[in-house]
2 protein chains.
Amino acid sequence: MKHAVSYTLIKEDPRSEARRGVLHTPHGDVQTPVFMPVGTQATVKAMKPEDVASLGSEGAHILLSNTYHLYLRPGHELIKKAGGLHKFMNWNGAILTDSGGFQVFSLGHLRKIEEGGVFFRSYIDGSGHHFSPEISIDVQNALGSDIIMAFDECAPYPADRRYVKDSLELTTRWLARCKEHHKDVERQSLFGIMQGGVYKDLRAQSAEEIVELDLPGYAIGGLSVGEPKELMYEVMEDCVPRLPKDKPRYLMGVGSPDCLFEGVERGIDLFDCVLPTREARHGRALTSHGKINIKNAAYEDDLGPLDPECDCYVCRNYSRAYLRHLFKSEEMLSSMLLSEHNLHFLVRTMEKIRKSIEEDRFLEYKKEFFDKYGKF
Amino acid sequence: MKHAVSYTLIKEDPRSEARRGVLHTPHGDVQTPVFMPVGTQATVKAMKPEDVASLGSEGAHILLSNTYHLYLRPGHELIKKAGGLHKFMNWNGAILTDSGGFQVFSLGHLRKIEEGGVFFRSYIDGSGHHFSPEISIDVQNALGSDIIMAFDECAPYPADRRYVKDSLELTTRWLARCKEHHKDVERQSLFGIMQGGVYKDLRAQSAEEIVELDLPGYAIGGLSVGEPKELMYEVMEDCVPRLPKDKPRYLMGVGSPDCLFEGVERGIDLFDCVLPTREARHGRALTSHGKINIKNAAYEDDLGPLDPECDCYVCRNYSRAYLRHLFKSEEMLSSMLLSEHNLHFLVRTMEKIRKSIEEDRFLEYKKEFFDKYGKF
């Protein structure tokens, strides 16, 4: 039985866990490690899909979209009728959808967890809904994304050991139900999600249980949920070796420049984060020399590009003074251009990371990057 | 002395005042009659300049920007320092700037008119400013637009005869000062503005006075300010023959589909209007079969294009259901795509109007258009 998505390991860094690979999907190959732009509501905010596809020098080939949002609006049945999410949103690359679990659990008092699934209220109109592993798979089947994620419970931080243990065991039982319910594995690949909070033995238990199910890919969930970054790195470092080498590893919801490097160093292949587009809408740009806030008066008559070392469309054609003017004038072009630049910056950085792994100088590149970028 | 902007009349419609021409500008030729997209704050709202340049099948080659807005923010001196408005906003086609007069007079009690000029308060921070014919020219010289407009008073509708007569005479005196003050006529061309409200004898007086000054182009101002459309057409019909045949004629601030056809029929060459982009941001699309509101529930699962007869990027790649989803989800891509479609629709319609004039079937095309489009 051929899986929709498979992974080829090309090269391992001799001095870290960093690795170069290729993710083969029904919508093309994706070079890893990779950063996935987020298109929550079937659009990467403020960008045309063609502009997403031409980010960096190699283009972006995979993006993430959110099952929870699409289920509530416009509804997965409509998207199915439209020929699937790719066609609906005019995106020909690969798509990974999350399961909706994270968003549902984030609702706090607006949801109730049971063995069967979760009851929750819509953030749009307050209507009542029920999500279960089976429903999440049904919805993702209708969306037709290349990679679909298991319906998991993401425990908060801090959470006591008992809660986290119960939660990861529920996640495992739900994963088995997801696998059981997902039929067309040649069209879409189901990835499992490791939980266990910051408890290493629980992470070990979770890894063991989910790897048992022999899935085409695995994610590390429940990180970057409030714990200190050093603790996140420590847990990540402990988690990755528990996952099979021949499967892709996805660190969910993480994508600041420092986390990308630290994740790659520890063996992560896939990342996603709303940071670049959200920062853009607030007038903040990621540059080779650190983050800048375009609102600052210092840029009022600065006719240089956002980032002198950047080769993106925005840096080639516009000045900081113009971008500041757009932001102050509340023009949409401000969000459009800053989003494009920020995504380009991360996509381009990942290209450079991949090249550095190929050339056995990942750790050197990491140092070079942060010598200029500075620490967060 | 060579003027920056000149006009070549190519062909006249034998059965109406419609005419085909070319406007030669320092930033390329513009085929007329033409609709100019509006880029008030140095950006056509929600569009990249390259996407504006590729509207229709021939592209858009001229746009309008607003002196008043750019003077207040980011300031004309900054734009001059940036190398002019074209470079600042990354637009290589022609630019026409208005004089700021219309916006200043729209401020009502926030401004005070004298022979010398107008005192007004900034809508941004309430600061006090003074505009005069000379200052408007200075600002437009700094912006570096290809066509600069005279600083005029645009009388409201209704307004009594005495007011309108005084106002048009002030406009003539100001025009003479603008002409006197504008030196580099080989770089930028000053267009005069005819006023006179809905009083035909006053329009005649205004025309006579401004044509006397022998400028490279003339605009009809003070229409579409509240008067009934039929009255506007009647005044326009009376005005146009009073302007020289060998100069371009610009109808200011007008650009709905019906006004475009009625204006072309009466001999107008240039139009501008915020309608297509403003309508877009409110979820309204111009189509071959009339205006539609994408919010309507009828489009919820309509997988057809916005306009089945449209060949634009949006209609080729997205469904009404998707566009409705974007609008309901308050995604910027909604404004981006609807703006692109609406501008394409008007630019493409003007292309068809030009072709119909070339082929002596303008009136037939007008009928065909409205048989499908319906009346407003």
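What you see is a predicted model, and the numbers here were worked out from it, not measured in a lab.

A look at the relation of the copies chain B and chain A
1) Next: Superposing chain B onto chain A takes a rotation of 180° combined with a translation of 0.0 Å along the rotation axis, leaving an RMSD of 0.0 Å. Overall, the copies show the geometry of a two-fold rotation axis. Considering only C-alpha atoms, the part of chain B nearest the rotation axis is B:Met332, at 3.7 Å.
2) Next: Counting the interface residues of chain B, we find that 100% of their copies in chain A are interface residues as well, pointing to one common contact surface.

A few points about the pairing of strand E15 (residues 284–287) of chain B
Residue and element names in this part refer to chain B.
1) Next: Pairing analysis gives four bridges linking E15 to strand E16 (residues 290–293), with the strands arranged antiparallel. When the bridges of E16 are listed, Ala 285 appears paired with Ile 292.
2) Next: Counting the residues between successive antiparallel strands, the hairpin from E15 to E16 contains two residues.

A word on the pattern of salt bridges
Note on pairing: side chains with opposite charge can pair once their charged atoms come close.
Residues and elements named next belong to chain B.
1) Next: According to the stated counting rule, one finds 66 salt bridges over all chains in the structure shown.
2) Next: Between Glu 262 and Lys 366 there is a salt bridge, and its shortest N-O distance comes to 3.0 Å. With Glu 262 in helix H10 (residues 257–265) and Lys 366 in helix H15 (residues 362–373), the pair connects residues that are 104 residues apart, well separated along the chain.
3) Next: Under the relative-accessibility criterion, Lys 366 is labelled buried at 14%.
4) Next: In this structure, Arg 320 engages Asp 302 in a salt bridge whose closest nitrogen and oxygen atoms are separated by 3.1 Å.

Structural notes on the sheet that holds strand E2 (residues 19–25) of chain B
All names here are of chain B.
1) Next: Across the sheet, three strands lie side by side as E1-E2-E3; this open sheet has antiparallel pairing. Each having just a single partner strand, strand E1 (6–12) and strand E3 (28–32) make up the two edges of the open sheet. The average angle at which neighbouring strand axes cross in this sheet is 20°, direction not considered.
2) Next: Note that E2 and E3 share five bridges and pair antiparallel. By the bridge assignment, Thr 25 is partnered in E3 with Gly 28.
3) Next: Across the sheet, helix H14 (residues 332–358) lies against E1, E2 and E3, angled at about 120° from E2, the strand it touches most.

Remarks on the sheet that holds strand E13 (residues 249–251) of chain B
Residues and elements named next belong to chain B.
1) Next: Read from one edge of the open sheet, eight strands run E4-E14-E13-E12-E11-E10-E6-E5, paired in parallel fashion. Strands at the two margins of the open sheet, each flanked by one partner only, are strand E4 (34–36) and strand E5 (62–65). Strand after strand, the sheet turns through a mean of 25° between neighbouring axes, direction not considered.
2) Next: Here E4 runs beside strand E14 (residues 270–272); their pairing, made up of three bridges, is parallel.

Here we look at the interface of chain B and chain A
1) Next: The partner chain A presents 39 residues to the 39 residues of chain B that form the contact.
2) Next: For the pair chain B and chain A, the summed buried area comes to about 3400 Å², and 58% of that belongs to carbon and sulfur atoms.
3) Next: Scanning the region where chain B abuts chain A turns up eight salt bridges.
4) Next: With a closest N to O distance of 2.9 Å, A:Lys48 and B:Asp51 form a salt bridge.
5) Next: Counting residues per element, the ones that place at least two in the side of chain B that touches chain A are helix H1 (49–53), helix H3 (76–81), helix H4 (85–89), helix H12 (313–317), helix H13 (320–328) and H14 of chain B.
6) Next: In the side of chain B that touches chain A, the residues fall into 19 nonpolar, eight polar and twelve charged.

About the thresholds
- The residue count restarts for each chain, going from 1 along the sequence in the order it is written.
- Chains and ligands are labelled sequentially in the order written, the chains with letters from A and the ligands with numbers from 1.
- For a predicted model such as this one, the threshold for reporting local features is a pLDDT of at least 70, and the threshold for listing and counting side-chain atom pairs is 80 or more; totals across whole chains, interfaces and linings nevertheless cover every residue.
- Heavy atoms from the whole structure form the basis of all side-chain values; hydrogens and water molecules are not counted.
- A least-squares superposition brings the copies together, and it is based on the C-alpha atoms of residues with pLDDT no lower than 70 in both.
- We call two residues in contact whenever any of their non-hydrogen atoms come within 4.5 Å of each other.
- Two strands are said to pair when DSSP picks up at least two bridges between them.
- Here a helix means four or more residues in a row that DSSP labels H or I, a strand means two or more in a row labelled E, and each is numbered from the N terminus.
- Salt bridge, as applied in this entry: a Lys or Arg side-chain nitrogen positioned within 4 Å of an Asp or Glu carboxyl oxygen.
- Relative accessibility decides the category of a residue: with a 1.4 Å probe and only protein chains considered, values under 20% of the type maximum give buried, values over 50% give exposed, and everything between is partly exposed.
- Lines fitted to C-alpha atoms define the axes here, with helix axes fitted over just the stretch in contact, and angles between the N-to-C directions of these axes take values from 0 to 180 degrees.
- Joining two parts hides part of their accessible area as seen by a 1.4 Å probe, and the buried area is that hidden amount summed over both.
- Gly is put with the polar residues, along with every residue not named as nonpolar or charged; the nonpolar set is Ala, Val, Leu, Ile, Met, Phe, Trp, Tyr, Cys and Pro, and the charged set is Asp, Glu, Lys and Arg.

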